[in-house]
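Spelled out from the first residue to the last, the chains are:
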Amino acid sequence: MQADIHPEYKDVVFQDISTGETFITRSTIEKTSGETITLDGNDYPLVRVEVSSASHPFYTGKQTLVDTEGRVEKFKQKYARR
């Protein structure tokens, strides 16, 4: 690995603004809000996100399925005439 070409890799706390859930991960993100948060006795930069696995419908099980059967039938009827 070449020296001095890679960004700094550090611990960062991401917080989901809709649920308030936080998680610590490592990131190369440079632009943070300037806020810090103390978790487990350590200060970390805080990054607020709108959607995470704590609030995304796919991961929470609140996903709605779209009924595509009507669209497929409409397509078949439209192009069956040709």
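If you're wondering where the values come from, they're calculated on a predicted model, not measured in any experiment. (Residues numbered from 1 in each chain as written. Predicted model: local features only at pLDDT ≥ 70, side-chain atom pairs only at ≥ 80, totals over all residues. Heavy atoms only, no water.)

Draft legend 1. Up close: the side chain of Gln15. Following the sequence through the fold, Gln15 ends up in strand E1 (residues 10-16). Apart from residues no more than four positions distant in its own chain, Gln15 is found in contact with Gly20, Glu21, Thr22, Leu46, Val47, Arg48 and Val49. (Helix = DSSP H or I, 4+ residues; strand = E, 2+ residues; numbered from the N terminus. Contact = heavy atoms within 4.5 Å.)

Draft legend 2. Region of the structure containing the sheet that holds E1. If you trace the four strands from one edge of the open sheet to the other, you get E2-E1-E4-E3, paired in mixed fashion. Of all strands in the sheet, those bounded by a partner on one side alone are strand E2 (22-27) and strand E3 (36-39). In this sheet, neighbouring strand axes are inclined to one another by 45° on average, regardless of whether the strands run parallel or antiparallel. When E1 meets strand E4 (residues 42-49), the two strands line up parallel, connected through four bridges. From the neighbouring strand, Phe14 faces E4, where its bridge partner is Val47. (Pairing = 2+ DSSP bridges. Axes fitted to C-alpha atoms, helices over the stretch in contact; angles between N-to-C directions.)

Draft legend 3. Layout of the confidence of the model for the chain. Of the residues in the chain, 84% reach a pLDDT of 70 or more, and the chain-wide mean stands at 82. Averaged pLDDT values over the elements of the chain bottom out at 68 in helix H1 (residues 57-60) and peak at 92 in E2. (pLDDT = per-residue confidence, 0-100.)

Draft legend 4. Quick look at the pairing of E3. Where E3 and E4 come together, four bridges link them in antiparallel fashion. Bridging from a neighbouring strand, Thr38 pairs with Asp43 of E4. The turn linking E3 back onto E4 is made up of two residues, and Asp40 within it adopts a positive phi angle of 55°.

Draft legend 5. Quick look at the environment of Val47. The topology assignment puts Val47 in strand E4. In sequence terms Val47 and Val12 are 35 residues apart; their C-alpha atoms lie 7.4 Å from each other. Discounting residues that sit within four places of it in the chain, Val47 has contacts with Val12, Val13, Phe14, Gln15, Ile29 and Thr32.

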